[in-house]
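Given next are the chains, with one letter for each unit.
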Amino acid sequence: MMGIDLDSQRTTRLDSVSTVLDRRLAEGTRPTINLLELPAESFRTTVKAGVVGGRAGFRSARSTTVTAVDECVIAHPLVEELLVEGYFGEATDVMIRVGAATGERMAHVTPSTTGVSLPDGVRIIGEDELTAGRRSWIFEELAGRRWRISAHSFFQTRPDGAESLIALIGSEVQRIRGDGPIGRLVDACSGVGLFAGTIAAEKVTAIEWSRSACADARVNLADLDAKIVGSAIDRWRPTPADVVIADPSRPGLGRSGVEIISRTRAPLVLLVSCDAAAGARDLERFIEAGYRIDAMTLVDMFPHTSRVELVSTLVRD
């Protein structure tokens with residue numbers, strides 16, 4: 001979408017998501033989708049790239065050919081410097097991750113660090129080292145907290161996007177429930193604990209299948225009454241909850257994941273979907289389980305792409 005103006009991009013994304021939802025959901029079961037706009041340049045703090053001749057580059061859609069880049073309009077300046085000027089030796093792929101607030105930088109290269117040359121201060125880790133048990137991470141600061149993020153852990157690709165999601169979900173919780181902390185919060189597919197650490201609750205259960213992310217969450221949530229459960233959501237034994245926040249990967253929660261969350265009997269569920277089709281399937285299943293969609297917001301996290309981030313507020317009347 002790089003050749004399309006931003007307004008047209010956003011209209012296209014909204015129309016596309018609406019079409020997908022309407023194909024799956026019965027008429028009248030969803031509200032109008034709100035749009036939350038974010039800056040469209042220099043925002044991305046995690047970038048995955050291929051490597052050709054030691055230089056980082058991107059692969060065209062449905063192609064294995066890597067084209068080296070001389071600039072990247074969406075990359076944070078701390079990322080762009082490494083993308084354009086870094087030398088990645090014999091690597092075939094690299095993931096660059098930076099802390100926008102801390103200035104920390106990490107390059108995770110595959111298969112090894114052989115021949116890699118980057119500025120002083122950049123943490124360089126090979127996939128072979130991670131497989132052997134070595135750990136490497138950076139820290140980011142946002143929403144008033146400090147976050148450890150390891151090489152193999154998921155974290156939102158832009159800090160302003162993470163803060164926007166936190167603010168949106170927090171405001172939805174307050175709108176539906178009123179003021180005051182939540183009693184029992186479940187952060188499903190919690191990653192390093194982003195929502196568990198920022199949505200006020202008396203007791204938090206964070207569920208995450210990634211061992212790396214669970215290890216980070218134990219550090220990030222050490223000051224809270226938080227239980228970290230290392231499990232896929234569909235294998236978790238549900239416990240009663242007042243609010244559930246679910247931020248699954250692109251395939252969505254699936255039938256079993258929705259069933260598990262429904263069995264918590266939570267009167268409020270916030271679903272974050274990064275794929276419209278998967279989100280539509282999950283929403284249909286929540287409706288079948290007795291929930292209704294109260295609000296929907298498309299957070300424009302990924303300008304210049306077709307990717308989406310849809311936040312749906314589900315209530316059980």
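In the block above lies the structure referred to throughout.
Remember, predicted model here, so these are calculated numbers, not experimental data. (Residues numbered from 1 in each chain as written. Predicted model: local features only at pLDDT ≥ 70, side-chain atom pairs only at ≥ 80, totals over all residues. Heavy atoms only, no water.)

> Tell me about the pattern of salt bridges, residues and numbers included.
Taken as a whole, this structure holds 23 salt bridges when the rule is applied. In this structure, Asp 300 and Arg 13 form a salt bridge, with 2.9 Å as the shortest nitrogen-oxygen distance. Linking Asp 300 in the loop between β17 (292-299) and β18 (310-315) with Arg 13 in helix α1 (residues 6-24), this pair joins segments that are 287 residues apart in sequence. In this structure Asp 300 comes out as buried when scored by relative accessible area, which is 2%. Linking Glu 172 and Arg 175 is a salt bridge whose minimum nitrogen-to-oxygen distance equals 2.9 Å. Of this pair, Glu 172 and Arg 175 both sit in helix α4 (residues 159-177), separated by 3 residues, roughly a single helical turn. (Salt bridge = Lys/Arg side-chain N within 4 Å of Asp/Glu carboxyl O. Helix = DSSP H or I, 4+ residues; strand = E, 2+ residues; numbered from the N terminus. Buried < 20%, exposed > 50% of the residue type's maximum accessible area, 1.4 Å probe, protein only.)

> Outline the nonpolar core, listing residues and values.
Judged by nonpolar contacts, the single largest core of 35 residues is most densely connected at Ile 169, Leu 194, Phe 195, Ile 199, Val 243 and Ile 245. Looking at which element gives the most residues to this core, the answer is α4, with 6 residues. Excluding residues that lie within four positions of it along the chain, Ile 199 makes contacts with Ile 166, Ile 169, Gly 170, Ile 182, Leu 185 and Ile 245. Counting 32 residues, the second-largest nonpolar core is a separate cluster that includes Leu 25, Ile 33, Trp 236 and Ala 266. (Core = buried A, V, L, I, M, F, W, Y, C linked by side-chain atoms within 4.5 Å. Contact = heavy atoms within 4.5 Å.)

> Tell me what's going on with the packing of helix α6 (residues 254-262) against helix α7 (residues 276-288), and back it up with residues and numbers.
At a minimum axis distance of 9 Å, the contact between α6 and α7 shows a crossing angle of 40°. Relative to α7, the element α6 lies oblique. Both α6 and α7 take part in a crossing whose hand is right-handed. Each of Gly 254, Arg 255, Val 258, Ile 261 and Ser 262 in α6 lies in contact with α7, whose residues at this interface are Asp 282, Arg 285, Phe 286 and Glu 288. In the contact of α6 with α7, the residues fall into 3 nonpolar, 2 polar and 4 charged. (Axes fitted to C-alpha atoms, helices over the stretch in contact; angles between N-to-C directions. Parallel < 35°, antiparallel > 145°, perpendicular 65-115°, else oblique. Left-handed = near helix turned anticlockwise from the far one by under 90°. Nonpolar A, V, L, I, M, F, W, Y, C, P; charged D, E, K, R; others polar.)

> Can you explain the sheet that holds strand β15 (residues 243-246)? Please cite residues and give values.
Strand order in the open sheet formed by 8 strands is β1-β17-β18-β16-β15-β12-β13-β14, with mixed pairing between adjacent strands. Because the sheet does not close on itself, it has two edges, and the strands there are β1 (33-36) and β14 (226-230). In this sheet, neighbouring strand axes are inclined to one another by 15° on average, regardless of whether the strands run parallel or antiparallel. Bridge count for β17 against β18 is 6 bridges, and the pairing is antiparallel. Residue Leu 298 lies in a different strand from β18, and its bridge partner there is Leu 310. (Pairing = 2+ DSSP bridges.)

> Outline the sheet that holds strand β9 (residues 122-126), supporting the account with residue identities and numerical values.
On the basis of which strands lie adjacent, the open sheet formed by 6 strands has the order β4-β3-β2-β6-β7-β9 and mixed pairing. Two strands close off the open sheet at either side, each with one partner strand: β4 (66-68) and β9. Strand-to-strand twist of the sheet, defined as the mean angle between neighbouring strand axes without regard to direction, takes the value 40°. In terms of strand pairing, strand β2 (residues 46-52) meets strand β3 (residues 55-59) through 3 bridges, oriented antiparallel. Its bridge partner being in β3, Val 52 is matched across the sheet by Arg 55. The sheet strands contacting helix α2 (residues 77-85) are β2, β3, β6 (93-98), β7 (105-110) and β9, and the helix crosses β6 at an angle near 155°.

> Account for helix α5 (residues 211-220), naming residues and giving values.
Of all 10 residues making up α5, 7 are buried, and the element is well covered by its neighbours. Those residues of α5 lying buried are Ser 212, Ala 213, Cys 214, Ala 215, Asp 216, Ala 217 and Asn 220. Structurally, α5 contributes buried residues whose contacts are with β11 (145-150), β13 (201-208) and β14.

> Before we move on, can you summarise the environment of Ser 16 with the specific residues and values?
Among the secondary structure elements, Ser 16 is positioned in helix α1. Linking Ser 16 and Val 308, residues 292 residues apart in sequence, is a C-alpha distance of 9.8 Å.

> Before we move on, could you go through the side chain of Asp 282 and cite the residues and values that matter?
In this fold, Asp 282 is placed in helix α7. At 3.1 Å, the side chain of Asp 282 forms a polar contact with the backbone nitrogen of Gly 254. Those residues in contact with Asp 282 that lie beyond four places of it in its chain are Gly 252, Leu 253, Gly 254, Val 258 and Leu 271. (Polar contact = N/O pair within 3.5 Å; in protein donor to acceptor, adjacent residues only side chain to side chain.)

> I'd like a description of the side chain of Glu 104, backed by residues and values.
Note that Glu 104 resides in the loop between β6 and β7. Since its relative accessible area comes to 16%, Glu 104 is described here as buried. There is a polar contact of 2.9 Å between the side chain of Glu 104 and the backbone nitrogen of Phe 139.

> Tell me about the pairing of β11, and name the residues and values.
Counting buried positions along β11 gives 5 out of 6 residues, so the element sits mostly inside the fold. Sheet topology note: the strand β10 (residues 137-142)/β11 ladder contains 6 bridges and is antiparallel. In the strand pairing of β11, Trp 137 is matched with Ser 150. A loop of 2 residues connects β10 with β11, the two strands running antiparallel in sequence, and Ala 143 in this loop sits at a positive phi of about 55°.

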